[in-house]
Each structure stands twice: as structure tokens, then as C-alpha cells.
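In case you want the letters, here they are:
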Amino acid sequence: MIRLEKINKTYFGAQPLHVLKGINLHIKEGEMVSIMGASGSGKSTLLNILGILDNYDSGDYYLNGQLVKNLTENQAADMRNQLIGFIFQSFNLIPFKTAMENVALPLYYQNVNRKKRNQLALEYLERFGLKEWADHYPNELSGGQKQRVSMARALVTHPKVILADEPTGALDSKTSAEVMQILREVHQTGITMIIVTHERGIALRTDKIIHLKDGVIENIEINNPETIDFTQEIK
Amino acid sequence: MDFWQEIFMALSRNKLRTFLTGFAISWGIFILIVLLAAGNGIMNGVSEQFSDKSTNVYMIYSGETSKPFKGHGTNRSIMFTDKDIRLLETEVRNIDQVSPRIYFNGFATFNDKSSRVFMSGVRPVFKDINNVKMMEGRFINELDDKNREKVIVIDESLRDKLFDEGTFPLGQFIFISGIAYKVIGVCENLEYSSGGNDYVPFSTLKNITRQSKYWMLNFIVTGLETKEDNEAFTEYLRTKLAHLHEFDPDDTSAVYIRSRQEEYLQTMKIFNTIQLFIWIIGFAMLISGIVGVSNIMRITVKERTNEIGIRKALGAKSRSILASIVTESLIITTIFGYIGMWLGMIAAEVGGNILAKVQEGKEISLNIVPSIDIRIVLMATALLIVCGVLAGFFPARNAVKIKPIEAMNYR
Ligand SMILES: Nc1ncnc2c1ncn2[C@@H]1O[C@H](COP(=O)(O)OP(=O)(O)OP(=O)(O)O)[C@@H](O)[C@H]1O
Ligand SMILES: [Mg+2]
């Protein structure tokens, strides 16, 4: 599903910062992997490149068999819209739209009609236990609720890949466990999932942990998440 | 359809932002219009005061030759005829209509009242030449002159001598030396005048008095902007007349050419200065309005950078985001722009009425009459709207161009 070959990325700020140094990575369809590493090791940078939110300097990135390089803006927008769902630490919901409208927004950009959009959005909110909150604005929701809204938004278009940057970073341990359980269930439907996290408890709930250090992959740890009880709070 | 619903929702959910942007635009246009109206008001007041000096009037008087020329001796008096009128009207581009002034001394009666009258036979253009101010009715027109109508424009003093308080002079017939003239207008008395301010058509009086030689011609000249222009024009006139009457073009006593050019030029200078001043103020207002509107548009777009980033992450195309932002700003600027325009015009109108009440009946040196030129108002409004939209467009285009992740993390 995802193949990275010798990906390099340098930020040209006051001082050039070589963040990703020749990353090679292969993630198969339906895999659920996590990325760990120290702060500043380049996790978010890597994830943003995977999500075509940022560009890379050299190397090749194949997504769903297609080379992601020198895309036009419209091609990039279409790929994001059809293949990728994002979950962010800070939720990134649009404040003046209700929970339902936020979930329905990606469908607007797929030219789905209004009625269908809202119906689908409600379905997904119901799935995450938020039916009663459909008409509430983001500032009326708790952190866990907001993250569930953003998960509904990420999933409503049936993407092939979910990219989550510290999805539990702003949540307490109980809510984090709930979120991970939902993500696990989503993964069960066959969606490829990449989660950036600081917490080992979260990482252990994925199939593989990719350890990033100073812009290179240090090692890849294989887990056995079946042994973990997802209903348990994360230590 | 969906597109418009999205737009309407974005506008109504962000009421404060919509209102602030709209208010900035309404206010800008409002102030602009009120100031333009005030400026025009001052201008109107000034032009009313100077109206008798705002035309370049020429007068030609007959004289006597002082140099022999082509077999003619000296001391030959030069009088004007219809030939001169035709020559000036047809061959000189800067002259529209020439009016001689012929006089008649008589006795006017109406019912049992009578008065001496000293009347002038003139053509329609004389109203502007002598700055005749009508109080009622109208001045002599082309038809009156063409058909030798027996009509008369009387001044206040003659009216008071012939008509009782309750009698309405317009349409009445007064008798002057056995001929009945219909009163078509009443004009103000001239302040400094030796009489001759009751007017009948030139052709009528010419026919009655059997005159064919005139000693004075009056006309308005257009298009002379400087002293040099006027001097050259005077020379040109003298040459033309010298040719027709066969006198030496250098003979300055054959005809006397006088003009009110100095007063005229001075007045024009004052007018132009005021006009320039008003334009500068208006222009400054317009610029400050544009800057204000542009700033608020820029700020709102900056504010929306995060939203733009999120939308892009969800798969929005740049074109679609740009289209909604521009449409939103177009709607706001248009609606609020027109609100501001109407409020400004209402304020100018109301202000004008109040000023008129205050000034009524008082001896004020300057009457301020606010007025607005609807074309300028519309143009200014349109300009502000266009600038507002452009001011929203460029930052929006920049915000849409940057990478989605940068837009999302923008703070
Ligand atoms: N837009 C940018 N311009 C310049 N430098 C950047 C930019 N974004 C990130 N960096 C730098 O690149 C390095 C990697 O950043 P990145 O956000 O990928 O780290 P991370 O692994 O996600 O860290 P964290 O765990 O703190 O989120 C950091 O040193 C960061 O300061
Ligand atoms: Mg990060």
C-alpha cells in the first residue's frame, strides 16, 4: 500500500535541518503500524509526507501503486480526498460547523449531495456513539468526543489509509483506550493504519512499531496485539 | 446550489466576522459619500456667489476710425448690423449666440396704473450675459425671438409699480406706447444699473423701432483659459471686423472690444482650486476606505488560514476554496457597500434639508447646498467593492497556495 524509497527531507529555515535521511519503508495493505521516536526525530514530518500534506526532496513515494511526485495541486487533492483519512492530535475540526457538518465536509468535496452527505455523517456519528451530539459545535464537545468526530470524518469517505498523528496525545488514559479500541475495530475492516505516538501502551496495540531516530529507521519491532485486552486502560 | 448553501452558512455562522467586514465597507462608503456631498455643497455655495462672474462675456462697442484705410478717410463711425451678428455666429467657433442690445424709452400701463419704462431688446443668451435672475416665469426664448412675439420680462420694480399686491403678473398684458405685451417672467432688480432691465425679444423691438444699426454687441466666449488666449482672441475679432467694415486692423478706436476676462479668469482660478481641493479630499477618503476594507479582508483571510489547511487536507481543491472565499467577500462587500451608499445619500439629503432650514431667511455670505453626483457615488461604491474583493482575493490565493500542513499549523 505504501512504499518509501530513500526519502529525504530538509527544512530550510535559519539553518538547514536534514530531518529525514533516506527512509526506506514498506507498509502492506491492511497493516496497522505505529511510529515512535524522540521528539524532533521526524515522525510528524514523515506522516505529513505520507499524507501529501508536505513534499519531500528526493526519493520515491508510492501510494496505492501510484508514484506521489510532482503532482499537480488538483491531483494531490483528489488523492487525499479518495485515499486518505487524517486524525490529528489537535482534532482540526472547523469551529463554525456542527459535528455532523464537520463529518460531512469531505463528502462535499466528492460532490455527494447534501441529503446523502448528512445521512452518511449521521450514520458514522451513531457508530461512534455521538448521535445526540450531531448538532453541537466542536467547542461544546469534550476532547474524546472531538476525537471521535474527527475519526468519523476520517472514515466517512472509506479511505484506504488512515494517518493519525498522536491521536491520543490530548486525551486522558481512559479515553485513549476507547479511541484505540475504535481504531482497532476500524482496522479490522481492512483499512491500512499508521499511528504516530509517544506512548508505548498505544504502540503495543499495533502490529509493528517503527522506531525512528535522528531521521533514520532504527529498527522495526513486531508485536502481537492479539494478546492485549483492548478494553483495559493504557498504563 | 450546494455551493451557495455553503457560502450562506459560512457567512451566517460567522456573524461577527461578517458584520465587522461589512461594517468597515459600509462605513467607508458612507463617509466618502457624506464628504463628497459636503464638498459639493461648498462648491455650490461658491458658484452661486460667483455666478455672474463665471462666464467669459465679451462686449463690442462701435467707435470712430482714426486712420485712413483703402480710400476711406478718418472719423468714420463704425456701427454694427445683422451682417456682423451673422459673421460672428457662423465664423467664430468660440461664439454661440450674439445679442445686440437696443433700447426703447416708453410709458407702460396696466389697468389704472402706469410707469415710465426703459426696455431692452435682447436675444435669449442675454440672460447669461447679464446674469438675469428669474423670480417667476421664464426668460425670452428662441421662439419668441424668431416669431417677434410681443412678450416682456419685467423686473421687480416695474412689477411693483404696475401690479397690486394680489395680482399675479404672469400672463397679464401691459401696454407700452400702444402695443400690448404679455408678461412671461419677472426677474430680480439689478443692484447697480441705470435701468433697461425690462426685456423684450430683440427682433420684436427691432421691428417696432425700425433700427438696423446697433452700437453694441454682446456674446459669451468659451474655451479661453488664459490671459494670452483672451488677448489673441481680441486681436482676431478686430481683424475679422476690420475686414468686414474696411478699417485698418491696427486702428484700435474703430471698435472697442471689452471683456470680463479678468474677473472670469480669477473666478475660474478659485473654482479650480476648490474643485481640486474637493477631489483631493475625496481621493484621500477613497484611498483610506480602500485601505481599511483591504486590511479587514486580509485579516479575515489570515484568520481562515487554518480552515483552508483543514479543507485542503480533506481533499478540497484550491480553486473551490478560492471560489468560496471570493464569493463570500463579493456578497459582503456588495450588500454592505450598497447599504453604506444608501445611508450616505440619505444622510446627505437630510443634512442638506437641515442646513437649508437653518440658512433660510438669513443673510449668510455662503449658502451650503449639499448635493451628490449619482455617477460618482456609483463609481466610488463600485471601486470600493472591487478593491474589497481583490484585497480578499490575493491573500486568499496565497493562503491556498501554501502547503496544507503549513496552513493547518499557521498561527
Ligand atoms: N516547518 C518546519 N520548518 C522548519 N523546521 C521544522 C518544521 N517542521 C518541523 N521542523 C523541525 O524538524 C524536526 C522534526 O520535526 P517533527 O515535527 O517531524 O518531529 P516529531 O518527531 O513529530 O516531534 P514531536 O514528537 O515533538 O511531535 C524538528 O527539529 C522540528 O523543529
Ligand atoms: Mg510530531
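Residues numbered from 1 in each chain as written. Chains lettered and ligands numbered in written order. Predicted model: local features only at pLDDT ≥ 70, side-chain atom pairs only at ≥ 80, totals over all residues. Heavy atoms only, no water.

Caption draft 1: Structural detail: the site of ligand 1. Residues and elements named next belong to chain A. Looking at ligand 1, there are 13 residues lining it, with Ser39, Gly40, Lys43, Ser44 and Thr45 nearest. For ligand 1, an oxygen atom lies 3.3 Å from a polar atom in the backbone of Ser41. Residue Thr45 places a side-chain N or O atom 2.5 Å away from an oxygen atom belonging to ligand 1. When ligand 1 is considered free in solution it has 640 Å² of accessible area, and contact with the protein chains removes 60% of it. (Near = heavy atom within 4 Å. Polar contact = N/O pair within 3.5 Å; in protein donor to acceptor, adjacent residues only side chain to side chain. Areas by Shrake-Rupley, 256 points an atom, 1.4 Å probe, with all protein chains shown as cover.)

Caption draft 2: Focus on the sheet that holds strand β2 (residues 95–100) of chain B. Residue and element names in this part refer to chain B. Read across the open sheet, the four strands follow the order β2-β10-β1-β11; overall the sheet is antiparallel. Of all strands in the sheet, those bounded by a partner on one side alone are β2 and β11 (255–259). For this sheet, the mean inter-axis angle between neighbouring strands, taken without regard to orientation, is 20 degrees. Across four bridges, the pairing between β2 and strand β10 (residues 216–221) is antiparallel. The residue of β10 that forms the bridge with Val98 is Phe219. Along the sheet, helix α3 (residues 82–91) makes contact with β1 (57–62), β2 and β10, crossing β2 at roughly 160 degrees. (Pairing = 2+ DSSP bridges. Helix = DSSP H or I, 4+ residues; strand = E, 2+ residues; numbered from the N terminus. Axes fitted to C-alpha atoms, helices over the stretch in contact; angles between N-to-C directions. Contact = heavy atoms within 4.5 Å.)

Caption draft 3: Looking closely at the pairing of strand β7 (residues 161–165) of chain A. Residue and element names in this part refer to chain A. With respect to burial, β7 is a largely interior element, five of its five residues being buried. Bridging between strand β6 (residues 84–88) and β7 involves five bridges; their strand directions are parallel. For Phe88, the partnering residue across the bridge sits in β7 and is Asp165. For β7 and strand β8 (residues 192–196), the ladder comprises five bridges, and the chain directions are parallel. Bridging from a neighbouring strand, Asp165 pairs with Val196 of β8. Chirality of the crossover, the property in question, places the unit of β7, helix α6 (residues 173–188) and β8 among those that are right-handed. (Buried < 20%, exposed > 50% of the residue type's maximum accessible area, 1.4 Å probe, protein only. Right-handed = clockwise from strand over helix to strand, strands pointing away.)

Caption draft 4: A look at the domain arrangement of chain B. The assigned domain composition of chain B is domain 1 (2–51 + 265–408) and domain 2 (57–260). Just the C-alpha atoms count here: the centres of domain 1 of chain B and domain 2 of chain B sit 52 Å apart. (Domains from an automatic or database assignment.)

Caption draft 5: Region of the structure containing the confidence of the model for chain B. Confidence in the prediction of chain B, expressed as mean pLDDT, is 83, and 95% of residues score 70 or more. The complex prediction reports pTM at 0.70, with the ipTM value standing at 0.93. (pLDDT = per-residue confidence, 0-100.)

Caption draft 6: Local environment of the sheet that holds β7 of chain A. Residue and element names in this part refer to chain A. Taken in spatial order, the six strands line up as β6-β7-β8-β3-β9-β10 in an open sheet, and their pairing is mixed. Of all the strands in the sheet, the pair left with one neighbour each is β6 and β10 (216–222). The mean inter-strand angle of the sheet, taken between neighbouring strand axes irrespective of direction, is 20 degrees. In this fold helix α1 (residues 43–50) packs onto β3 (32–37), β6, β7, β8 and β9 (208–213), with an angle of close to 155 degrees to the strand it touches most, β7.

Caption draft 7: Region of interest: the side chain of Ser176 of chain A. All names here are of chain A. Mapped onto the secondary structure, Ser176 falls in helix α6. By relative accessible area, Ser176 is classed as buried at 1%. Separated by 2.7 Å, the side chain of Ser176 and the backbone oxygen of Asp172 make a polar contact.

Caption draft 8: Summary view of the packing of aromatic side chains. Residues and elements named next belong to chain B. Summed over the entire model, instances satisfying the criterion amount to 16 aromatic pairs over all chains. Summarising the aromatic geometry, the rings of Tyr103 and Phe118 are spaced 5.0 Å apart at their centres and angled 15 degrees between planes, so their arrangement reads as stacked. Placement of Tyr103 in strand β3 (residues 102–110) and of Phe118 in strand β4 (residues 113–122) is noted, with a sequence separation of 15 residues between them. Tyr103 sits in the partly exposed class, given a relative accessible area of 28%. Taken together, the ring pairs in this structure connect Phe19, Phe23, Trp27 and Phe30 into an aromatic cluster. (Phe/Tyr/Trp six-rings, centres within 6.5 Å; stacked < 30°, edge-to-face > 60°.)

Caption draft 9: Geometry of the pattern of salt bridges. One pass over the structure, following the stated rule, counts 28 salt bridges over all chains. Across the pair Arg159 of chain B and Asp160 of chain B runs a salt bridge, and its minimum N-O distance is 3.3 Å. Linking Glu307 of chain B and Arg304 of chain B is a salt bridge whose minimum nitrogen-to-oxygen distance equals 3.2 Å. Here Glu307 of chain B and Arg304 of chain B have matching classes, each one buried. Among the charged side chains, a salt-bridge network with shared partners connects Lys97 of chain A together with Glu6, Arg304, Glu307, Arg311 and Glu328 of chain B. (Salt bridge = Lys/Arg side-chain N within 4 Å of Asp/Glu carboxyl O.)

Caption draft 10: Molecular detail of the nonpolar core. Ile2, Leu4, Tyr61, Leu63 and Ile194 of chain A are the most contacted members of the largest nonpolar core, which totals 54 residues. Ranked by residue count, the leading element in this core is strand β2 (residues 16–27) of chain A, at five residues. In this structure Leu4 of chain A touches Ile23, Asn24, Leu25, Leu46, Leu50, Asp60 and Tyr61 of chain A, once residues within four positions along its chain are discounted. Among the nonpolar cores identified, the runner-up in size contains 41 residues, and Val98, Ile154, Leu158 and Phe219 of chain B belong to it. (Core = buried A, V, L, I, M, F, W, Y, C linked by side-chain atoms within 4.5 Å.)

Caption draft 11: Region of the structure containing the interface of chain A and chain B. Facing the 30 residues of chain A at the interface are 26 residues of chain B. Summed over both partners, the interface of chain A with chain B comes to about 2500 Å²; 53% of that surface belongs to carbon and sulfur atoms. The tally of links from chain A across to chain B stands at seven salt bridges. Two residues, Lys403 of chain B and Asp54 of chain A, come together in a salt bridge whose shortest N-O distance is 2.9 Å. The interface formed by chain A and chain B holds 14 residue pairs in polar contact (both at pLDDT 80 or more) in total. Ranked by residues supplied to the side of chain A that touches chain B, first place goes to helix α2 (residues 73–83) of chain A with six residues. Looking at the side of chain A that touches chain B residue by residue, the classes come out as 14 nonpolar, six polar and 10 charged. (Buried area = accessible area lost by both parts, 1.4 Å probe. Nonpolar A, V, L, I, M, F, W, Y, C, P; charged D, E, K, R; others polar.)

Caption draft 12: A negative patch on the surface, seen in detail. Residues and elements named next belong to chain B. Together, Glu228, Glu231, Glu235 and Asp250 line one region of the surface with negative charge. On the secondary structure map, Glu235 appears in helix α8 (residues 227–245). Residue classification places Glu235 among the partly exposed residues on the basis of a relative accessible area of 42%. (Patch = residues over 30% accessible without salt bridge, like charges linked within 9 Å, V, L, I, M, F, W, Y side chains within 5 Å. Lys, Arg positive; Asp, Glu negative; His and termini not counted. Charge placed at Lys NZ, Arg CZ, Asp CG, Glu CD.)

Caption draft 13: Molecular detail of the packing of α3 of chain B against α8 of chain B. Residue and element names in this part refer to chain B. Relative orientation of the contacting elements α3 and α8 amounts to 135 degrees, with a least axis distance of 11 Å. As summarised for this structure, α3 and α8 are arranged oblique, according to the angle between their axes. Seen along the crossing, α3 lies across α8 with a hand that is right-handed. Along the contact surface, α3 presents Lys83, Asp84, Leu87, Leu88 and Glu91, while α8 presents Tyr236, Leu237, Lys240, Leu241, Leu244 and His245. When the residues that make up the contact of α3 with α8 are grouped by side-chain class, the tally is six nonpolar, one polar and four charged. (Parallel < 35°, antiparallel > 145°, perpendicular 65-115°, else oblique. Left-handed = near helix turned anticlockwise from the far one by under 90°.)

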